[in-house]
Amino acid sequence: MKIHIKYLLAQMLALVFCFHITKVQSQDKTELKPANITTGVLENGMHYYIMHNENPRGRAAMYFAQNVGSILEEENQRGLAHFLEHMAFNGTEHFKNKEMLEYLEKNGMKFGSEINASTHYDETIYKIHNIPVQNEQLLDSLLLILHDWSGSLTLSEEEIDNERGVVREEWRTRYTAQRKASDSVMNQGLLKGSRYAKRGAIGTMEVINNFEYEELRNYYKKWYRPDLQAVIIVGDIDEKKMEEKVKELFSKIPLKKDRPKRKKYDVKVRDDFTYMNIANNELGGAPSVEYYLRYEVDNSQSSAEIMKNEVKLSMLNSILDHRLSSIAESPTSPVYTARFSSNDFKLPKNIGILKITLQPKKDSLLPALKLAATELKRFYLYGATSKEFDGFKYSKEQRFKSAIKKGGSSNIYHAIEISEAFFNDHPYMDYKESNQYQLDYVKNLKNEDLLKFFRKYYSLNGNVVAILGSDEIQYPSKKEVMNTVTTAKNSQPEPYKEVEVKEKKLFDLELQGGNIISEEHLEGGEATKFILSNGARVWLYERINANEDIVFFKAKSPGGRSQLKEELLASSVYAPVFAEASGLANLNRKELRKSREVMAPGVKINEYEEVLERYVDKNNIENLLKGVHLTFTHPRFDDVIFDVTKQPLENMNSMLQARTQSTLSDSLQMAIANYSPREVHLNEELLNELSMEDMETVYRDRIKNAADFKFVFMGNLDREKFIPLIKKYIGSIPGNDSIENIIDHNLRPKKGIEKVHMVREMQTPQTTVSIYITEELKYNETNKLAINIIEQLLTKRYMERIREEEGGTYGVRVKGDLKYIPEDHFTLTINFNCNPDKADKLVEIVYEELDALSNNIDPAEFIEIKANLKKEINDEKTNTRNYFEKVIASIETNSSISDNEEDLQRLEAITPEDIKQVAKKINKDPRIVEGILMPEKEKI
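Residues numbered from 1 in each chain as written. Predicted model: local features only at pLDDT ≥ 70, side-chain atom pairs only at ≥ 80, totals over all residues. Heavy atoms only, no water.

- Where an unreviewed UniProt entry is consulted, the protein appears under the name Insulinase family protein, with the organism given as Autumnicola musiva.
- Under the Cofactor (unreviewed entry) heading, UniProt states for the protein: "Zn(2+)". (UniProt positions renumbered as here; feature names shortened; annotations may be inferred.)

## Considerations on the sheet that holds strand S8 (residues 288–296)
Here is step 1: Taken in spatial order, the 5 strands of this open sheet run S7-S11-S8-S10-S9, and their pairing is mixed. If you trace the sheet from one side to the other, it starts and ends with strand S7 (274–279) and strand S9 (335–341), each paired once. Taken pair by pair, the neighbouring strands of this sheet meet at an average axis angle of 15 degrees, ignoring direction.
Here is step 2: In the sheet, S8 pairs with strand S10 (residues 351–360) via 8 bridges, with the strands oriented antiparallel. Across the sheet, residue leucine 293 finds its bridge partner in S10, namely leucine 354.
Here is step 3: Relative to the sheet, helix H6 (residues 177–190) contacts S7, S8, S10 and strand S11 (464–469), its axis offset from that of S7 by approximately 160 degrees. (Pairing = 2+ DSSP bridges. Helix = DSSP H or I, 4+ residues; strand = E, 2+ residues; numbered from the N terminus. Axes fitted to C-alpha atoms, helices over the stretch in contact; angles between N-to-C directions. Contact = heavy atoms within 4.5 Å.)

## Brief notes about the packing of helix H10 (residues 303–328) against helix H15 (residues 447–455)
Here is step 1: Remark: H10 packs on H15, axes separated minimally by 10 Å, with the N-to-C direction vectors making an angle of 90 degrees. Taken together, the axes of H10 and H15 lie roughly perpendicular to each other. Touching Asn309, Lys312, Leu313, Met315, Leu316, Ile319 and Leu320 of H10 are Asp449, Leu450, Phe453 and Phe454, all from H15. (Parallel < 35°, antiparallel > 145°, perpendicular 65-115°, else oblique.)

## Some words on the pairing of strand S20 (residues 767–776)
Here is step 1: Of all 10 residues making up S20, 9 are buried, and the element is well covered by its neighbours.
Here is step 2: In this structure, S20 lies alongside strand S22 (residues 825–834), joined through 10 bridges in antiparallel fashion. The residue of S22 that forms the bridge with valine 769 is phenylalanine 832.
Here is step 3: Two strands pair when backbone bridges link them, and S20 and strand S23 (residues 927–935) are joined in this way by 7 bridges, in the antiparallel orientation. Its bridge partner lying in S23, threonine 768 is registered against leucine 933. (Buried < 20%, exposed > 50% of the residue type's maximum accessible area, 1.4 Å probe, protein only.)

## Some details on the sheet that holds S22
Here is step 1: Pairing within the open sheet is mixed, and its 5 strands lie in the order S19-S23-S20-S22-S21. Two strands in the sheet have a free side with no partner beyond their single neighbour: strand S19 (752–760) and strand S21 (813–819). The sheet shows a mean angle of 10 degrees between the axes of neighbouring strands, direction not considered.

This is the structure we're talking about:
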């Protein structure tokens, strides 16, 4: 009977709505449907979501989502949710100690990039990416890992104590001046008065250092349980078969009857206005002003309502960000930059923000704040202009159309979105239908709808203003700030008038063009090399992915700064920056952006080469070629932009000088360059030496001779159309026979160990270790592979010894490279932050493990790394950007391009003995710069 009454009520409501049928927007015609995936809830409350997806093919992602985060901690547990996340990789029922990571890495999966986890206020997510689905046994083992995460962590006392050191070093590494400032804004401003303000994921070191073992175990047993968990599997798998496995394995996990309720918390936006000035000398640079409008989010909204709001927020974000950026570009603006954003993924889900971030000009803190507050009031009164609204509406429509045409997304994207659906207790909506729904909605969205939406959030209630900078700045008082904001709110600004940048026509190019004097079809028929009458050499390569329309372009010439006199080096570093800020030919920067006739390439003047590069849609190839021609023949250097372009560099220099680590990095660079006067890095002296005249002189000297450049294009281009274009535009660039070479100024460390040890006062005491090793090594594909393997072997060894056994660091970053400029040589860098008390011992371990590779390669580790590299090589099959870089290297080194099959054969052939031989070359009298930055003893 109840069902019948509901049915009648529904019919009556339907009749009422019929009177308004002509006003119904078309998004109501598109039914918002849940995705057609396999999902369910087991008897123990465990949710599962299983989705077949072939992006990429042969791969899958597994997520284990926990509706548990730091918000559930008691005061004496702060940091335990995050600590448990760490412990999930340190021993479970079926994988003792580090066996889990060892097993996964043996199957070609990397900890960090493919195996990881994260803890937030309200949730914890464990992630395994890029799983090869052909390995059935691996899939079963991964399900067992997810099962163990649910409730079978070992939590041994030894591993807990080891992990305390790792978490301490994570805190030490991340708790920079910038992090302290952002935490202050978050906790004392945005989350003020709520439980969230004292529940940051990292917790307190007092708790981490002293919690009892049972405290962690009790927290785990209390909150890690199936009714708060979800298994999420997305990839190239059989849904039904996977569902059977999930049911069989996860149904066995018991659910306690006396479990506590998972309480929800919120953040209340009160009427008070919050002003914060956060002064810290280590922030350095120009101050920044952050202005927040806060609002409470209604988490009871349906999926459709959420999507509508997201569309409007996205439109609002785009319009206001563009408007503020345009205002900041005005010479009379009180700010260098102004940006608007409506997203902050660090916030709890029930609080939202609209945020303006400004970088004021000198002595313009209050004028900057006035600008922000005035523009918010202006938008409140008038909303977007028709031009703004229509332009960004069209952009959103195109984005949704593109997504609909695409039909789906990656495994990772879907896994993340499914996780969010689980946390929000919503069904996961179909990708295509969701985008169609949003497209229909945005098509019918009116400017007044967006204005009405913004007006809901515009208020002084709960606003937060934060000014961040050094303690040398004169900060305004709260009264001054409040008066500035209140005055702006009570003002009646005029409607916004966008500065019209008219589309300016590029001057007529009267080009003589050139001829092709030789044409060579290269190996395999996939590439052609042309030599033009001006000496320019042009290569055209076909793309390896024929379905893409992007064309990659790069032009390189030997010489770079090595050809310049010392007095011009400072100008050479930033000449491309000032040229780009000026525009090109008869078009200034704004006119160039608006132009539909020309697209300028990016330009770099490096130590040993000049580089032009850009990628464009193949339909814009002629515009790019015009840009390439004009970069050589008509670069632009406008005196009017000198000061406004220089100021951000001065701010950056001020910020870097305030950071303790910058002292070490500058000193390291000098030692690596053997203290040559030719070593150039950003500092006050360099900035004082900059002149527009010198920068133009350097630029025109370095970018002038077409015959000295190799022009390389890769894309699905019509040869019959491409050839006349290169003859016209590249063939018209001046060229002569004065081909340059690199001048080797011996910018390399001296033999032996050069120690750069420094002591500085620090707010958060930590030691920074940065070791640079180099020496000659022949450039070839086998040696490149060997250096790559050595990098990964050292990463594994350092993680085990320095991070896990010693608890001395959060992570060691190892990077190996093989280069051919200015001569064949390898570089190896080892960087980490650590506990000052352990620094000496950890540095010893660095050299011990490197030296050990000359005599012993662990067979198991070698096999694991080869398995991982094999997976990487297979994953790179369709990576056109990576292939393009291979093309460039082959041209530069006059060698063949190594294809996927050759890479696999080389990997299969390499042996531990090969690695030992390369390691011996590395360890035989190398050039080493050992940088160590330590805190003052009394500060430790």
